[in-house]
Amino acid sequence: EYGDAYNNLANIYIKKGDIETAIIYYKKAVAINPKLVQAYYNLGNAYNKKGDIDNAIIYYKKAIAINPEHAHAYNSLGNSYDDKGDIETAIFYYKKAIAINPGDAVTYYNLGIAYVHKRDFETAIIYYKKAIGINPEYAKAYKNLGVAYYKKGDIETANIYLKKAFELDPSLRK
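Quick caveat: nothing in here was measured; it's all calculated off a predicted structure.

A.B. asks: Help me understand the nonpolar core, please; the structure alone is not making it clear to me.
C.D. replies: A general feature of soluble globular proteins is that nonpolar side chains tend to end up buried together. Counting residues in hydrophobic clusters, the biggest one holds 61 residues, and the most contacted among them are Tyr 26, Leu 43, Leu 77, Leu 111, Tyr 128 and Ala 131. Leave out the neighbours within four places in its chain, and Ala 131 touches Ala 105, Tyr 108, Tyr 109, Tyr 138 and Ala 141.

A.B. asks: Which parts of the structure should I look at to understand the packing of helix α1 (residues 2-16) against helix α2 (residues 19-32)?
C.D. replies: The description of two helices packed together rests on the angle between their axes and the distance between the axes. The N-to-C vectors of α1 and α2 enclose an angle of 170°; their axes lie 8 Å apart at closest approach. Judged by the inter-axis angle, α1 sits roughly antiparallel to α2. For the crossing formed where α1 meets α2, the hand is left-handed. For the pair α1 and α2, the contacting residues are Tyr 2, Gly 3, Tyr 6, Asn 7, Leu 9, Ala 10, Asn 11, Tyr 13 and Ile 14 in the first and Ile 19, Thr 21, Ala 22, Tyr 25, Tyr 26, Lys 28, Ala 29 and Ile 32 in the second.

A.B. asks: What's the story with the pattern of salt bridges in this structure? I'm lost.
C.D. replies: A side chain with one charge can pair with a side chain of the opposite charge if their charged atoms come near. Under the definition given, this model contains four salt bridges. The closest approach of N and O atoms between Asp 54 and Lys 84, which form a salt bridge, is 2.5 Å. Taken together, the residues span a long stretch of sequence, with Asp 54 in helix α4 (residues 53-66) and Lys 84 in the loop between α5 (71-83) and α6 (87-100) at a distance of 30 residues. Here Asp 54 falls in the partly exposed class, since its relative accessible area comes to 46%.

A.B. asks: Just checking my understanding: could you explain unusual backbone geometry for this structure?
C.D. replies: Phi at Arg 119 takes a positive value of approximately 65°, unusual for a residue other than glycine. You can see Arg 119 is positioned in the loop between α7 (105-117) and α8 (121-134).

A.B. asks: Just to check I follow, could you spell out the environment of Val 37 for this structure?
C.D. replies: The residue Val 37 is located in helix α3 (residues 37-50) in this model. Overall, the relative accessible area of 19% leaves Val 37 in the buried class. Counting along the chain gives 22 residues from Val 37 to Tyr 59, while the straight-line C-alpha distance between them is 9.5 Å. Setting aside anything within four residues of it in sequence, one finds Val 37 in contact with Ala 63, Ile 66, Asn 67 and His 70.

A.B. asks: Please explain α2 as it appears in this structure.
C.D. replies: Given 3.6 residues per turn, any residue in an α-helix points the same way as the ones three and four places further on. A rise of 1.5 Å per residue sets the reference length of α2, with its 14 residues, at 20 Å; its end C-alpha atoms lie 20 Å apart and thus fit the reference within 8%. Residues of α2 that are buried: Ile 19, Thr 21, Ala 22, Ile 23, Tyr 25, Tyr 26, Ala 29 and Val 30. In this fold, the buried residues of α2 make contact with α1 and α3.

A.B. asks: Is there a simple way to explain the side chain of Asp 104 in this structure?
C.D. replies: Mapping Asp 104 onto the fold places it in the loop between α6 and α7. No salt bridge forms around the buried Asp 104; measuring N to O, its nearest opposite-charge neighbour Lys 140 is 13 Å away. A distance of 2.7 Å separates a polar atom in the side chain of Asp 104 from a polar atom in the side chain of Thr 107. Setting aside residues no more than four positions away along its own chain, Asp 104 makes contact with His 72 and Ile 134.

A.B. asks: How should I be thinking about the packing of aromatic side chains in this particular structure?
C.D. replies: Each aromatic ring pair is described using two quantities: the centre-to-centre distance and the angle formed by the ring planes. Across all of its chains, the model carries 14 aromatic pairs by this definition. Both rings, one in Tyr 13 and one in Tyr 25, keep their centres 5.6 Å apart while their planes meet at 15°; by these two values the pair is stacked. With Tyr 13 in helix α1 and Tyr 25 in helix α2, this residue pair connects regions lying 12 residues apart in the sequence. Arranged with centres 6.4 Å apart and planes meeting at 20°, the rings of Tyr 40 and Tyr 59 form a pair that is stacked. Linking Tyr 40 in helix α3 with Tyr 59 in helix α4, this pair joins segments that are 19 residues apart in sequence. Each member of the pair, Tyr 40 as well as Tyr 59, carries the same accessibility label: buried. Members of the aromatic cluster, connected to one another through ring pairs, are Tyr 74, Tyr 81, Phe 92 and Tyr 93. A cation sits over an aromatic face here: Lys 164 above Tyr 142, 5.8 Å from the ring centre.

Rules behind the numbers
- Residues numbered from 1 in each chain as written.
- Predicted model: local features only at pLDDT ≥ 70, side-chain atom pairs only at ≥ 80, totals over all residues.
- Heavy atoms only, no water.
- Core = buried A, V, L, I, M, F, W, Y, C linked by side-chain atoms within 4.5 Å.
- Buried < 20%, exposed > 50% of the residue type's maximum accessible area, 1.4 Å probe, protein only.
- Contact = heavy atoms within 4.5 Å.
- Axes fitted to C-alpha atoms, helices over the stretch in contact; angles between N-to-C directions.
- Helix = DSSP H or I, 4+ residues; strand = E, 2+ residues; numbered from the N terminus.
- Parallel < 35°, antiparallel > 145°, perpendicular 65-115°, else oblique.
- Left-handed = near helix turned anticlockwise from the far one by under 90°.
- Salt bridge = Lys/Arg side-chain N within 4 Å of Asp/Glu carboxyl O.
- Expected span 1.5 Å × (residues − 1).
- Lys, Arg positive; Asp, Glu negative; His and termini not counted.
- Polar contact = N/O pair within 3.5 Å; in protein donor to acceptor, adjacent residues only side chain to side chain.
- Phe/Tyr/Trp six-rings, centres within 6.5 Å; stacked < 30°, edge-to-face > 60°.
- Lys NZ or Arg CZ within 6 Å of the ring centre and 35° of its normal.

In structure tokens:
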């Protein structure tokens, strides 16, 4: 079908870094097939890459309207609201994503970040640990867990998790 073809063509432009052209082709895809959930989600991602968070939110919500079980769209909505500084709405959407896909370490990690933004380090620690429980190689989660313990004043525990993060990914030392 042509809608899928335009969506795939837009994906190629995204990989080439040509977001504007990708957006044109994603819009053609949904014009041909208004039920093409992945093209709406991809439009959200494209607008997000452009820094146009308001349009990203619109398209993530369109993807969810077609497929209310689209966990990645809920997670991306959470990221968008977090970027706007609306932490409570971000948390709401992250929790919706987890309700649909409780095995997604990235969403737990994002929830941890949101709680750090609220300066609720105890809750952030819980979510970082959940992310690590799902993906024991999640270096960024170990790093953020260490930072959360540090901000709580527990330097000893912070150092344990930071050391683990740097063992998994030495580039995180920066």
